[in-house]
Amino acid sequence: MLDLQFFSSIHAQLGIMTWPLTLLSALTLMLIVERLLFMALNTKTHSKSLQKQIYTLSLTNDEELDRYVEIHQHEKSTLSQGLCMLISHRQFTKTLREEAVSIWLQKKRRQFTSGLKLLNIIGVLSPLIGLLGTVLGLIEMFKGLSATQGGISPAELADGLGLAMSTTAAGLLIALPAIASSQVFTLWADRTLTKIEYVLNHFNLHLAGVSFDESEMCRAKTTQCAPCANPVVPCPNVQDGAA
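Treat the numbers as computed from the prediction; the structure is a model and nothing was measured.

Each value, and the rule that gives it
- Residues numbered from 1 in each chain as written.
- Predicted model: local features only at pLDDT ≥ 70, side-chain atom pairs only at ≥ 80, totals over all residues.
- Heavy atoms only, no water.
- Helix = DSSP H or I, 4+ residues; strand = E, 2+ residues; numbered from the N terminus.
- Buried < 20%, exposed > 50% of the residue type's maximum accessible area, 1.4 Å probe, protein only.
- Lys, Arg positive; Asp, Glu negative; His and termini not counted.
- Salt bridge = Lys/Arg side-chain N within 4 Å of Asp/Glu carboxyl O.
- Contact = heavy atoms within 4.5 Å.
- Core = buried A, V, L, I, M, F, W, Y, C linked by side-chain atoms within 4.5 Å.
- Arc of directions from axis to C-beta.
- Axes fitted to C-alpha atoms, helices over the stretch in contact; angles between N-to-C directions.
- Parallel < 35°, antiparallel > 145°, perpendicular 65-115°, else oblique.
- Left-handed = near helix turned anticlockwise from the far one by under 90°.
- Nonpolar A, V, L, I, M, F, W, Y, C, P; charged D, E, K, R; others polar.
- Phe/Tyr/Trp six-rings, centres within 6.5 Å; stacked < 30°, edge-to-face > 60°.
- Lys NZ or Arg CZ within 6 Å of the ring centre and 35° of its normal.

Caption draft 1: Looking closely at the overall build of the chain. Along the backbone of the chain there are nine helices and zero strands. The proportion of buried residues among the 243 residues of the chain is 31%.

Caption draft 2: Quick peek at the side chain of K108. With respect to the element layout, K108 can be found in helix 6 (residues 94–112). Buried charge without a partner: K108 forms no salt bridge, and the closest opposite charge is E75, 12 Å away. If we ignore the near neighbours within four places in the chain, the residues touching K108 are T78, Q81 and L193.

Caption draft 3: Structural context of the nonpolar core. In terms of nonpolar packing, the biggest core is built from 21 residues, with Y68, L79, L83, I87, L200 and F203 touching the most fellow members. Contributions of two or more residues to this core are made by helix 3 (47–55), helix 4 (62–72), helix 5 (78–88), helix 6 and helix 8 (154–207). The element best represented in this core is helix 5, accounting for six residues. One finds L31, I32, L119 and I174 within the second-largest nonpolar core, a separate group that totals twelve residues.

Caption draft 4: Structural detail: helix 3. Among the residues making up helix 3, those that are buried are S47, L50, Q51, I54 and Y55. Projection of helix 3 onto a plane perpendicular to its axis shows the buried side chains occupying an angular sector of 135 degrees, all on one side. Exposed residues pointing more than 90 degrees away from the buried face of helix 3 are listed as K48 and K52.

Caption draft 5: Representation of the environment of K195. Following the sequence through the fold, K195 ends up in helix 8. Taking the C-alpha atoms as reference points, K195 and T45, 150 residues apart in sequence, are found 8.2 Å from one another. In contact with K195, other than residues within four places in its own chain, are T45 and S47.

Caption draft 6: Layout of the packing of helix 3 against helix 5. Across the interface, helix 3 lies against helix 5 with an axial gap of 10 Å and an inter-helix angle of 20 degrees. In terms of their interaxial angle, helix 3 and helix 5 are classed as roughly parallel. The two elements helix 3 and helix 5 cross, and the hand of that crossing is right-handed. Together, S47, L50 and I54 of helix 3 and L79, S80 and L83 of helix 5 make up the contact between the two elements. Classifying every residue of the contact of helix 3 with helix 5 gives four nonpolar, two polar and no charged.

Caption draft 7: Spatial organisation of the environment of G137. Mapped onto the elements, G137 comes out in helix 7 (residues 116–146). Looking at G137, the relative accessible area reads 24%, which means it is partly exposed.

Caption draft 8: A look at the packing of aromatic side chains. One pass over the structure, following the stated rule, counts three aromatic pairs. On the numbers, 5.3 Å between centres and 20 degrees between planes, the contact of F112 with W188 is stacked. Residue F112 is located in helix 6, and its partner W188 is located in helix 8; the two are separated by 76 residues in the primary sequence. When sorted by exposure, F112 lands in the same class as W188, which is buried. Three or more aromatic residues joined by ring pairs form one cluster here, namely F38, F112 and W188. A cation over an aromatic ring shows up here: R35 above the ring of F38, its NZ or CZ 4.5 Å from the ring centre.

Caption draft 9: Representation of the pattern of salt bridges within the structure. In the structure shown here, the tally under the stated rule is five salt bridges. A salt bridge links R90 to D62; the shortest N-O distance between them is 3.5 Å. Of the two residues, R90 sits in the loop between helix 5 and helix 6 while D62 sits in helix 4, which places them 28 residues apart along the sequence. For R90, a relative accessible area of 16% puts it in the buried group. The closest approach of N and O atoms between D66 and R90, which form a salt bridge, is 3.0 Å. Here D66, found in helix 4, pairs with R90, found in the loop between helix 5 and helix 6; they are 24 residues apart in sequence, far enough to count as distant. When salt bridges with common partners are traced through the structure, they connect D62, D66 and R90 into a single cluster.

Put into structure tokens, the structure is as follows:
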């Protein structure tokens, strides 16, 4: 069973690779903790409530829109900041607002994926550094064995191999959490930013006069096929030949 004594024994056997692997492990831990804190602060976008709220705003009432921006522009919610940006640029054309949203989302993506490339690099480098330490340890072990007079016991050979393999184990122990956390944080960032982009695109269309309010669309569908007032003239929504 893995415990602190096991990890400390591996750390004591790293040899010349002690400092590089220790530095990579400390950097990995700091990046993971920082990303966890960032994720905890930005996980909830409140997209549903904000989407309902923006559809209640009167687009012709500049005073109401400016008051909404003044109230919500200092909020920590990423989606709320994006909505305030769109409202502030409501006088521009739809194309210009889309360009502004695209640039703003690129900036937010850099924030959401900060440090993840470094985690991937650590995940690639640490096993290679561990393997290099193993190869150097094997070279030193065979040099010592070649200078030994007499027979070599299996215990001495196993002890030397164990010391040499410790750096590979340490490199893999660093690489696994680095790569796994990088993939998880990337999936979370993509999911969150996609949700934010979805709401911003809807609101941008709403500013242009195109509404995608699902409740209103459903009501429109139910009234589309209302019975015709004149029974002599066939309903245009009913196909010919239908009883």
